[in-house]
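# Structural overview for review
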Amino acid sequence: MAKDSEIHDRLSRVKEIIEQLDADECDLDEGTALHEEGQELLTEVREILDEGSGEVVELE
């Protein structure tokens, strides 16, 4: 997982959203809202990375 807190927090929330959707415990409206939230978070992560403000670390 990313060390940069802005990226880490967003990706953690995306992971939670995926788990909720995979559990199939929400109705269509809630699922749609979760999907949209996930898309927004991923867009924010891309913007952070495009700005170069995220920390790049090498994984071993």
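Note: the structure precedes this text.
Residues numbered from 1 in each chain as written. Predicted model: local features only at pLDDT ≥ 70, side-chain atom pairs only at ≥ 80, totals over all residues. Heavy atoms only, no water.

### Focus on unusual backbone geometry
Of note, the phi angle at aspartate 24 is positive, near 55 degrees, even though the residue is not glycine. Relative to the helices and strands, aspartate 24 is located in the loop between α1 (5-23) and α2 (28-51). (Helix = DSSP H or I, 4+ residues; strand = E, 2+ residues; numbered from the N terminus.)

### Some remarks on the pattern of salt bridges
Applying the stated criterion across every chain yields a total of three salt bridges. We note a salt bridge from glutamate 16 to arginine 13, for which the minimum N-O separation is 3.2 Å. One end of the pair, glutamate 16, and the other, arginine 13, are both in helix α1, three residues apart, so they sit about a helical turn from each other. Of the charged contacts, one joins glutamate 37 and arginine 13 as a salt bridge, the two residues approaching to 2.8 Å between their closest N and O atoms. Placement of glutamate 37 in helix α2 and of arginine 13 in helix α1 is noted, with a sequence separation of 24 residues between them. Under the relative-accessibility criterion, arginine 13 is labelled partly exposed at 24%. Each of Arg13, Glu16 and Glu37 takes part in salt bridges that share partners, so that together they form one network. (Salt bridge = Lys/Arg side-chain N within 4 Å of Asp/Glu carboxyl O. Buried < 20%, exposed > 50% of the residue type's maximum accessible area, 1.4 Å probe, protein only.)

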